[in-house]
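Per-entry structural report
Read off the chains here:
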Amino acid sequence: MKRAEGNVCTLLVSPEICDNTPTNLVFIGFMGTGKTTVGKILAKKCGLTFVDIDRFIMNKTGMDITSIFSRYGESYFRDLEENILAEVLLNNHQIISCGGGIVLRESNRKLLKKNAINCWLYNSPETSLSRIRNSNRPLLNTPNPVEKAKLLIQEREQLYSDVAHYKICTENLSLNEITEIIYEEIYQPIIGKR
């Protein structure tokens, strides 16, 4: 497979840590980095269950994320997110896509580090916004969404780094290229052998 220039997949921890981690593969990162779409493609390719935390919350509450935020506030949503994450991580052999703010709570960061191999997908704020332009994201419902996205990324960057086993730049890659990189460099050598 032809790769984009530069090192797009970086191991952030020692390989032994990945060897001793359960077999959930979790995608973290800002919105619009490909977590859900890549997760679905990879789960199908690997024959694993795919779980989208935001979709799980919507199914459980019967409300979309924007409605939850506007009716009950962000703190209520983060409580739901924390409970759902704990429930989902009771299972194994899953590909899981998390919302961009899942790392804001220390309890979630601990759960993720203990129960999953975490892949931080990232790209520029401008790329994220172009990818999600047709969706309603409550945190970006501001007069200047680019500046808000930059601020949110800056606030979360260290948290993503603290949780991630791998960091993958999705900026100039197609969904299939991202999926193949993860399959070849993370899934097959670590999870596929268990």
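For every chain, the first residue of the written sequence is number 1, and numbering continues from 1 onward in sequence order. Owing to the predicted nature of the model, reporting of local features is limited to residues with pLDDT of at least 70; listing and counting of side-chain atom pairs is limited to 80 or more, with chain, interface and lining totals taken over all residues. Side-chain descriptors were evaluated using all non-hydrogen atoms of the structure, hydrogens and water having been removed beforehand.

**Observations concerning the overall build of the chain**
Secondary structure follows DSSP: runs of H or I at least 4 residues long count as helices, runs of E at least 2 residues long count as strands, and numbering of each begins at the N terminus. A tally of regular secondary structure across the chain gives nine helices and six strands. In this scheme, a residue with accessible area under 20% of its type's maximum is buried, one over 50% is exposed, and one in between is partly exposed, where area comes from a 1.4 Å probe on protein chains only. A total of 194 residues make up the chain; the buried ones form 47% of that total. Pairs of residues are marked as contacts when any of their non-hydrogen atoms sit within 4.5 Å. Across the chain, contacts joining residues at least 24 apart in sequence account for 79% of those joining residues at least 6 apart. All accessible areas in this document rest on Shrake-Rupley with a 1.4 Å probe, and a residue is counted as covered only by the protein chains that are shown. A total of about 9,700 Å² of accessible surface is found on the chain, and carbon and sulfur atoms cover 47% of it.

**Points about the environment of D64**
Examined against the element boundaries, D64 turns out to sit in the loop between α3 (53–61) and α4 (65–72). C-alpha of D64 to C-alpha of D54: the two residues are ten residues apart in sequence and 8.7 Å apart in space. In the analysis that follows, any N or O atom pair within 3.5 Å is treated as a polar contact, provided that within protein one partner can donate a hydrogen and the other can accept it, and provided that, for residues neighboring in sequence, both atoms belong to side chains. Engagement of the side chain of D64 in a polar contact is seen with the backbone nitrogen of T66, the distance being 3.3 Å.

**Description of the side chain of K35**
Inspection of the secondary structure assignment puts K35 in helix α2 (residues 35–46). A polar contact is formed between the side chain of K35 and the backbone oxygen of G29, at a distance of 3.0 Å. Here the side chain of K35 touches F30 through a polar contact of 3.0 Å, landing on its backbone oxygen. With residues up to four places along the chain from it excluded, the contact list for K35 reads F27, I28, G29, F30, S97, C98, G99, G100 and L121.

**Points about the side chain of E81**
Topologically, E81 is positioned in helix α5 (residues 74–88). Among all residues touching E81, those that are not within four sequence positions of it are I53, D54, I57, G99, G101, I102 and N108.

**Regarding α3**
Along an α-helix, residues three or four positions apart point the same way, because every turn accommodates 3.6 residues. Of all the residues in α3, the buried ones are I53, I57 and M58. Buried residues in α3, looked at end-on, bunch into an arc of 140 degrees, giving them a common side. Those residues of α3 hidden inside the fold are in contact with β3 (49–52), α4, α5 and β4 (94–97). Sitting at the head of α3, D52 places a side-chain oxygen 3.0 Å from the backbone nitrogen of D54. Directions drawn from the helix axis to the C-beta atoms are what define this arc.

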